Amino acid sequence: MAKSFDVRRQPGFTAIAMLCFVLLYLPILLLVAYSFNAGQSISQWEGLSLRWYASAWQNDQIQSATILSVTIAVTAAFLATSVAVLAALATTRVKPWRGQTVAFAMINQPLMVPEIVTAVSLLIFFAMIKVATGYTGLWYLIIAHTAFCIPFAYMPIRARLQGMNLSLEQAGADLYGTPVKVFRYITLPQLWPGILAGGMLSFVISLDDVVITEFVKSAGQDTLPTYMLGQLRRNITPEINAISTALLAISILMVTAMFFFSRTRK
Amino acid sequence: MIEIDTVSKLFGAGDSAFRALDRVSVTIKENEFFTLLGPSGCGKTTLLRLIAGFEGPTSGKILLDGQDLADKPPYRRPVNTVFQSYALFPHMTVAENVGFGLTMLGKPKSEVAATVSEMLALVRMTNLADRKTSQISGGQQQRVALARALAPRPKVLLLDEPLSALDFKLRKEMQLELKRLQSETGITFVFVTHDQEEALTMSDRIAVMSGGTIRQIGGPREIYDQPSERFVADFIGDTNFLSAEMIARTGDSAQLRLGQGAEVTARAGQVDKTSGAVTLAIRPEHARLVALDAGQLTGTLDDIVYFGTDTHYHITLDGIGTRFVLRRQNSPDEMRPVQQGERVGIALASSAGQVLKD
Ligand SMILES: Nc1ncnc2c1ncn2[C@@H]1O[C@H](COP(=O)(O)OP(=O)(O)O)[C@@H](O)[C@H]1O
Ligand SMILES: [Mg+2]
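Conventions and cut-offs
- Residues numbered from 1 in each chain as written.
- Chains lettered and ligands numbered in written order.
- Predicted model: local features only at pLDDT ≥ 70, side-chain atom pairs only at ≥ 80, totals over all residues.
- Heavy atoms only, no water.
- UniProt positions renumbered as here; feature names shortened; annotations may be inferred.
- Contact = heavy atoms within 4.5 Å.
- Buried area = accessible area lost by both parts, 1.4 Å probe.
- Salt bridge = Lys/Arg side-chain N within 4 Å of Asp/Glu carboxyl O.
- Polar contact = N/O pair within 3.5 Å; in protein donor to acceptor, adjacent residues only side chain to side chain.
- Helix = DSSP H or I, 4+ residues; strand = E, 2+ residues; numbered from the N terminus.
- Nonpolar A, V, L, I, M, F, W, Y, C, P; charged D, E, K, R; others polar.
- Domains from an automatic or database assignment.
- Core = buried A, V, L, I, M, F, W, Y, C linked by side-chain atoms within 4.5 Å.
- Buried < 20%, exposed > 50% of the residue type's maximum accessible area, 1.4 Å probe, protein only.

As annotated in an unreviewed UniProt entry, chain B carries the name Spermidine/putrescine import ATP-binding protein PotA and is attributed to Puniceibacterium antarcticum. In its Function (unreviewed entry) section, the UniProt entry covering chain B states "Part of the ABC transporter complex PotABCD involved in spermidine/putrescine import. Responsible for energy coupling to the transport system." Per UniProt, chain B carries the Subunit (unreviewed entry) text "The complex is composed of two ATP-binding proteins (PotA), two transmembrane proteins (PotB and PotC) and a solute-binding protein (PotD)."

Looking at an unreviewed UniProt entry, chain A carries the name Spermidine/putrescine transport system permease protein PotC, with the source organism given as Puniceibacterium antarcticum. UniProt annotates chain A under Sequence similarities (unreviewed entry) with the comment "Belongs to the binding-protein-dependent transport system permease family. CysTW subfamily." If you open the UniProt record of chain A and go to Function (unreviewed entry), you find "Required for the activity of the bacterial periplasmic transport system of putrescine and spermidine."

Below, the structure is given as structure tokens:
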């Protein structure tokens, strides 16, 4: 009998795998390292210091960008998750209906459409509304972020719903639970891990967005990523590294928490 | 009390539709322990789901106390289910599970608590009231599922193979317990099983199902002693089938000539025939081994299988070649020992056989 194919036995496997990891993580490690640099340079090490964290912390522009980012991310994550719960229920708990496949594809569409296309189309669409209504507030950004967060919130919630035992909900109905009560007392308590995972994923995705935000934002509405983008065009200081490192830490924290939420309580 | 009136259920649509139930009609009485018995896939669960309201019939009607259930969703039917998988709520304690139905009905907290402790006492689970349902054994989960379904005092309790996941001893114990609960509560039980012995020991009446239809309805004795057709006779207990010729018919009894020439009297209440070829069913315990010329049938003894409480004798009938199985209870006063390969006679108990409709 021939030996089964084992990719690890192929020549160069280890080298290529190592190269991939180096390319993925070395730049990030450098970025993190230089956020603690004492000097002005982002390529020359001059000793350990937290000065760039302090300066970023005291920077008014960074403060307001952070507040804006978090405001948008929290609101968009909440809205996207709420909509995703409804969408997931409609695609898992309803008798098969005509057009279900199309609806399913449409919910996930934002994952497929190139972000730049979404950005341009939203720019034009919102511009028309701005002209018509004169409103230039934050809701354009919130709505845009909600839209592209929905599929990310939808995935873990749908997975959780599909994994749930349908006979539990039937037992709830059998024991005189109306559909609303069954959802409230049977479905929802078991759905929480999925909802938390979807919410946190949305939060991270929203916090990180550059392209759509850059196109949709009105004057003075800078989020952290668009502020950073603006700074990069002028003078680059390790302050940028410090903000990036902070964002990275938040993401890692969120993803880790999400991992535990979706694992516990089986 | 429950009237099921020519109910059919199709899954899928068009030519590929699958007929899970085919014009099923049955009336289940008040306070009855009624059993649906049949092989896996014959539509037992489907019928329960129609009564509970999880599915609607494709045609036909289901009435409860004379009232059509068609427009009533499950949560408005005074019917509770013990699910095959138990379906206990994993995020609730045992007591919360049992109290769920009453809470949904909007009963005051004190009443819920009182009924819950009453129910837990009934199924002997009081000491585990605060456990999570994942922390109790299969048999205990089964009791909780039972208590949960009984707590709202439904008019009808539906039980879908509730004992099939339990091991033999626990199953025997729970059979008695279920019987006790049914007579103590006076609730109508509709019980599903594929185990014929379980059906015979527990039921007031049994409906034997096959391929989406009900083949026979009757008490355990009636089903066992007077099976109406080959499927029922075969599914319930062991049966010998003999080809015979009907030569006379008076009322419910018929005179038959067997293949080897002997004439016997048999019960024929289930068939309309008055003559011609028929099939006779004879239970293995309704025949005796006798001397070669003392019975109605003769044959060669092929196998003797010892079962502890009784012994099975496998005989090939002379001339016909049919296998006949005969069962005899073992007793200390042993009869004349017979040898494998010996030719023997078989005496049939008078009127023990049943003529089947084919
Ligand atoms: N939702 C369904 N869709 C399609 N076929 C089904 C469905 N439910 C049951 N069936 C079919 O109907 C038949 C009867 O099923 P069921 O009532 O579960 O049988 P039983 O409980 O007697 O084993 C089976 O052949 C099963 O495959
Ligand atoms: Mg079944």
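### Some thoughts on the interface of chain B and chain A
Listed by partner, the interface residues are 26 residues for chain B and 17 residues for chain A. Carbon and sulfur atoms make up 67% of the area that chain B and chain A hide from each other, which totals about 1900 Å². Ranking the residues of chain B by area buried against chain A places Tyr75(B), His91(B) and Met104(B) at the top, with a combined share of 35%. Here chain B is connected to chain A by 0 salt bridges. Applying the counting criterion to the chain B and chain A interface returns 6 residue pairs in polar contact (both at pLDDT 80 or more). Elements with a minimum of two residues in the side of chain B that touches chain A: α1 (44-52), β6 (79-82), α2 (94-104) and α4 (138-150) of chain B. Classifying every residue of the side of chain B that touches chain A by side-chain character gives 18 nonpolar, 5 polar and 3 charged.

### Overview of the domain arrangement of chain B
All names here are of chain B. Looking at chain B, the domain boundaries give domain 1 (2-225) and domain 2 (238-355). Computed from C-alpha coordinates alone, the two centres of domain 1 and domain 2 are separated by 39 Å. The interface of domain 1 with domain 2 comprises 4 residues on the first partner and 7 residues on the second. Of the roughly 410 Å² buried where domain 1 meets domain 2, counting both sides, 26% is carbon and sulfur surface. Of all residues in domain 1, Gln216, Tyr224 and Asp225 bury the most surface against domain 2, accounting for 93% of the area lost on that side. The tally of links between domain 1 and domain 2 comes to 3 residue pairs in polar contact (both at pLDDT 80 or more). With 3 residues, the single largest contributor to the side of domain 1 that touches domain 2 is helix α7 (residues 220-225). When the residues that make up the side of domain 1 that touches domain 2 are grouped by side-chain class, the tally is 2 nonpolar, 1 polar and 1 charged.

### Overview of the nonpolar core
Residues and elements named next belong to chain B. Ile2, Ile4, Leu36, Phe89, Val156, Leu158 and Val190 are the most contacted members of the largest nonpolar core, which has 40 residues in total. For Ile2, the residues in contact, after removing those within four places along its chain, are Val26, Thr27, Ile28, Ile51, Ile62, Leu63, Leu64, Val156 and Val190. If you look at the next biggest cluster of nonpolar residues, it comprises 35 residues, including Phe33, Tyr86, Ile136 and Leu163.

### Focus on the UniProt feature "domain: ABC transporter" (unreviewed entry) in chain B
Per the UniProt record, "domain: ABC transporter" (unreviewed entry) is found at residues 2-236 of chain B. Taken as a whole, residues 2-236 of chain B contains 36% helix and 26% strand, while its terminal C-alpha atoms sit 25 Å from one another.

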